[in-house]
Structures are given as structure tokens and as C-alpha cells.
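Below are the chains, spelled out letter by letter.
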Amino acid sequence: MAASRKKARNDEANNPTSPVVKFGPDKPLELAAGVKLAPFQVAYMTYGELNAGRSNAVLICHALTGDQYVASENPITHKPGWWEVLIGPGKIIDTDKYFVICPNVIGSCLGSTGPASINPKTGKAYGIDLPVITIGDMVRAQAMLVDHLGIDQLFCVIGGSMGGMQVLEWASSYSERVFSALPMATGTRHSAQNIAFYEAGRQAVMADPDWRGGRYLDVGAVPEKGLSVARMIAHITYLSETALHRKFGRNLQDRAALTFSFDADFQVESYLRHQGMTFVDRFDANSYLYLSRAMDYFDLAADHGGVLADAFKGSKTRFCVVSFTSDWHFPTEESRVLVHALNASGASVSFVEIDTDKGHDAFLLDEPELFSAIGGFIVSAARARGLRP
Amino acid sequence: MNAAQTQRIDLQVIADLLPAGSKVLDVGCGDGELLDMLIRDKQVDGRGVEISQRNVNLCVARGLSVIQGDADTDLIYYPAQSFDYTILAQTIQATRRPREVLEELLRIGERAVVSLPNFGYWRMRTQLMLHGRMPVTADLPYSWYDTPNIHFCTIRDFVNLCEEVGAKVEKAVALDGNGDKIGLSMPWWLWNFFGQQAVFLLRR
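The rules behind the values
- Residues numbered from 1 in each chain as written.
- Chains lettered and ligands numbered in written order.
- Predicted model: local features only at pLDDT ≥ 70, side-chain atom pairs only at ≥ 80, totals over all residues.
- Helix = DSSP H or I, 4+ residues; strand = E, 2+ residues; numbered from the N terminus.
- Rg over C-alpha atoms; globule rule 2.2 N^0.38 Å.
- Buried ≥ 20, exposed ≤ 12 C-beta atoms within 10 Å, placed from the backbone.
- Contact = placed C-beta atoms within 7 Å.
- Nonpolar A, V, L, I, M, F, W, Y, C, P; charged D, E, K, R; others polar.
- Axes fitted to C-alpha atoms, helices over the stretch in contact; angles between N-to-C directions.
- Parallel < 35°, antiparallel > 145°, perpendicular 65-115°, else oblique.
- Expected span 1.5 Å × (residues − 1).
- Domains from an automatic or database assignment.

Enquirer: What is the right way to look at the overall build of chain B in this model?
Expert: Regarding its fold elements, chain B presents nine helices and seven strands. For 204 residues, the compact-globule formula gives about 17 Å, and the C-alpha radius of gyration of chain B, at 16 Å, lands near that figure. Here chain B holds 204 residues, and 44% of them are scored as buried. Nonlocal contacts in chain B, meaning residues at least 24 apart in sequence, comprise 64% of its contacts between residues at least 6 apart.

The following block contains the structure:
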């Protein structure tokens, strides 16, 4: 790993490039684990201007390995914002019209309190001394940020995958604060298969001797091998079999014949190794454990006596649920369960399934049919909210 | 009036039946033409269910609140009396279980509006009687082997079904081949003969 990037990542965890709001002991975050986290901080980016009526705020919830730099350069990788195809001036989420807020989630490592943050009691990184974080905790922290920004109701809350779970949590716990909601490529709970894949990833991290019981930051080590294997496993679930085969087939990597070794003979192996190695440059291994755990623990129906529809009882929020045909991480069936529950609760809901072979990650890509559907949803919601669409 | 206009003249008739501002579920909403019209002209709170995903995506792109779903299987997820009106426009003949669908419509909506093509229309009868062939018309252009319309009925048959499920017919309009309304004072048999399509306003 480039040493400069490692340092950059550690710095970003505590003193991010983005703005950050700090909550002192008087404003603790009440965690689902039953403890209060204080002090804590939320790093966030904003784009565009809040209007006079404070009614044009759009909250973007990022996925497991995402960050607050949704529409601007990531300070570690120096890559463009991860959702610039959707968000920016003149884009579907037009920053000339909307005030876009994107917080880094609690438990992550880009400036909001997480396992790589310094524990004020010890002066060292929390590591796995940080209580387990839930999707509900992330959203509660975001609500405190939204309060801090002086916004009562969000015009729209948008997110895919783990971000979609946060959208659903927002719509359920703060229904009156969410005018419209756009959960994409997500579900109301992790399936056993999803838990299984993430458990394999966590075990890979923890099996790396450099993980050191979670205290690797104290000695300047990084469980690179374990974390990159975890990323490789997860990355497979984000792509479809068709897309993977179309992209790589059985092509060999920079060689004419098999080497009869365990080198990366196949292009797909080389690709996965690259995905793993670049990931460890920008992400904290313990954060990966915490955030994947948060997704495993999420179960919206269980939070409401087993009746999913009760999570949205009396909701006035306008929903647009989006799924993708080739997504086997959060298959369309998961969205359908959500849509039926929303129907049963009498909520206003649209549901589009986008035909694509790009798998789970399709929500991050330039999909014209996706953009025309969510564009229509946003415009009609804006009209209903009395905003200039 | 050209074919396209007469074809969906039922949409205007349906719109005329609905009071402004009502809460409406359009089952089988297609590309959202009726919903769009109802929201624009009648300021309804409109939702839709449509079986074709392509149509659903078009509906959402035009700003409508529509989900992909099957009238035969997905209406059970809606709570009772959650809408003022449910609408089934030119769709009942394409359902697998028309009776159950009608019962669901009346459970979900305070009232139901159903429009249907009349298989008792004289042109249909002529084709069957004189040519001995299953009718194919401009409005129903499918052959028997590729039609999505699997449960045809006549106006009379539908009135019988309404009686069977205990639905009261509050209003009924039959439209002739020109899209004109057939006089209210005319007897049922005449409607059944000259009506190319009919629109019913039903109540539980």
C-alpha cells in the first residue's frame, strides 16, 4: 500500500477534508446496543443551496463502502464523486435546484465516528471497543445532523443497498420528516445468503494475523490480505454472472497459456485481486466489520412485531422502489415484499424494475431507463411539494 | 371520430363518473393515459397497478405512482376500503379469475368502475354467425390463439356477475360503434346488441 494513502486514510477518519459536526457529551447518540456514544461526530458534504423555505433538501445515504463525497472528488483516491452520474448541476438530482446532503455513516472511516476514530478515553483508535452500530443508529445520527442544519423535512431521501436500508429506516422512524423516499437495490432485511457472504468476509479479515484482535491501528499495521479477500467475496455478489462472463470470459491475463501455478492466470482473478488491493488503500478493516454487521442486523419487520406494513403505518411519504433484474444480492423479490407492505399500509408507492445485466451495482451506473423513471418520480414529487421541478 | 378515439372513449366516460379529488386505484393502468387524465382534469389522488414492467417504467417516468403487479394475484395486498374508487378499464377480459378480481375491486374501493368490450355487440355476433369465425375487430384485433383476452363476456353476462357478487349497479353507460352513448331509456337487450363497450359504476 502506498504509505501516503495509508496516512491519508487515517487522517480522514478523524479530521476529514469535508465539513464535520461534533456532538458533545450533552448530545449523545443513543445506540441500539443500549449505550450512549459521546462525544461523536458526523462528517458530511453538501452541494447546492438550501432555499428560503428549507424545503429542497435531498439526503443521500451511501452504501457499505461509500462515503460523503457523492458529487465531488474523494480526498484519498482522488476519483470523482461516486454518484456524479446522478447528482450535480443539470443532473437528475440537480444541485442548482436541490440542497444535497451526504453524510458519512457512523461506523465508517471517512470522518464520522467509527472504529478508526480516536477514543477520547484512551487516546487510541476505538477498534472493536466501539459498540456494534445499527442502521437505526446511523439514521439517528443523520437526523441530528439534519437538525443541526436547521432542516425540518427532507424533500427526498435516496440510497442504494445499505443506503436503501437507511432510506427505509428514515421513512419508518421519521416518516413526517421524509416527503419522498427512493430506496434502490435494497431490502427490508439481509437474507441468510447475504449474512453468509458477509460472514465469510469478516472471517477473512479476522483470520489475518495483522488484524491483531482488532488493534492493528495501534501498531500501524493493516490486515490487508484479509480485507482484500473480504472485498473480493463481496464484489462477486455485486456483479451478475452474465456481466462477469461478458467482461472476462475465460480470458487469460497477459499470458498465452495456463502457467500450472496459482498465479492470476485468468483475467477475472487479476481483476478481483486489483479490486481487493485498491480497497484496502481506502477503507478501514474494522469499519468493514461494523458496517456489514449493521446490514446483517437490519430487520424492519422484526422492529415492528413481525408486521412489515406496520413500519409504514399512516405514512404520507411518496415512495419509489427500484430493483434490477440481475441483482442477486438484493433480488427484485426483496423489493416486492417491501412494495406489498407499503401497499398494505396504504402508502403512495411506485415500483420499477430495471432490466439490466449489470447486477447489484447497476444502481451506481448510467442506466437510461433508471434515470427516466427516477427523474419522473423526482419531478412529480417536486411539483407536489411546491418546488420548481 | 377515428378508431383510436372511439377505442378509448371509455376513458372519458370513466373520468366523467369520478368526483374531483377522489382517491383512485387504476388496475391495469397501461401506460398511464387514464391516470394522467384523472390527475390533470379531476385532481384525483391516483395510483396504478400494471402487469407490464415496460408500461410501469413509462408511468413512473411521467410522474405517476404505479407499481408492477398482477390483478389476479396482487390485489390482496391492499387494505379494505383504502380507495374511493377502483378502476378496471378494458382489463377484466384479460384476467384469469374475473369474479375474484371484481370482488377484490369492491373490497378495496368504496366503488368500482369497470369498462369492458361487449362480446354481444352485433358485429361480433355477425362474425360468429355468418362466418363461423371467432370475431376479430379493430378494437379487438387479436386472433383466438394469441389474444390476451381470455374471458370475454357480454353486457348481460357482466350484469349477472354483478348480481352474483352482490354488487349494485349505480350507473351504466353503453357506447355504440361510434362511441356515442346509447339512450338510458333503452332496454338491456338493445344495449347488449348495439353496445360496443360498456362502463359500469358499481357499489358493494
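After presenting the structure, the write-up continues.
Enquirer: Is there a simple way to think about the interface of chain B and chain A in this case?
Expert: How large an interface is tends to be reported as the accessible area lost when its parts come together. Listed per partner, the contact involves 16 residues of chain B and 21 residues of chain A. Elements that contribute at least two residues to the side of chain B that touches chain A include exactly helix H4 (53-61) and strand S3 (65-68) of chain B. Per-element tally for the side of chain B that touches chain A: the top contributor is H4 of chain B, with five residues. Residue composition of the side of chain B that touches chain A, grouped by class: eight nonpolar, six polar and two charged.

Enquirer: Looking at this structure, how should I read the packing of helix H10 (residues 368-385) of chain A against H4 of chain B?
Expert: In a packed pair of helices, the relevant descriptors are the angle between the two axes and the axis-to-axis distance. Contact geometry of H10 of chain A with H4 of chain B gives a least axis separation of 6 Å together with a crossing angle of 45 degrees. Comparing the axis directions of H10 of chain A and H4 of chain B gives the class oblique. Residues Glu369, Ser372, Ala373, Gly375, Gly376 and Phe377 of chain A of H10 of chain A lie in contact with H4 of chain B, whose contacting residues are Asn57, Val60 and Ala61 of chain B. Grouping the amino acids of the contact of H10 of chain A with H4 of chain B by side-chain chemistry returns four nonpolar, four polar and one charged.

Enquirer: Got a minute to help me understand helix H2 (residues 135-148) of chain A in this structure?
Expert: Note that an α-helix has 3.6 residues per turn; residues three or four places apart therefore point the same way. Residue and element names in this part refer to chain A. The terminal C-alpha atoms of H2 lie 20 Å apart, and with 14 residues this matches the ideal 20 Å at 1.5 Å per residue to within 8%. For H2, every residue scored as buried is listed here: Ile135, Gly136, Asp137, Met138, Val139, Ala141, Gln142, Leu145 and Val146. One or two positions beyond H2, positive phi appears at Gly150, with a value near 75 degrees.

Enquirer: Explain the environment of Ala8 of chain A here, please?
Expert: Residue and element names in this part refer to chain A. Structurally, Ala8 is set in helix H1 (residues 3-14). Put simply, Ala8 and Arg282 are 274 residues apart on the chain and 8.7 Å apart in space, counted from C-alpha to C-alpha. If we ignore the near neighbours within four places in the chain, the residues touching Ala8 are Pro75 and Ile76.

Enquirer: Looking at this structure, how should I read the domain arrangement of chain A?
Expert: All names here are of chain A. The domains assigned to chain A are domain 1 (3-191 + 294-385) and domain 2 (194-285). A C-alpha centroid distance of 26 Å is found between domain 1 and domain 2. Contact with domain 1, which involves 26 residues of that partner, is made by 18 residues of domain 2. Residue assignment for the side of domain 1 that touches domain 2 shows that the elements contributing at least two residues are H1, strand S10 (124-125) and helix H8 (285-297). Top element by residues in the side of domain 1 that touches domain 2 is H1. It accounts for four residues. Residues belonging to the side of domain 1 that touches domain 2 are distributed by class as follows: nine nonpolar, nine polar and eight charged.

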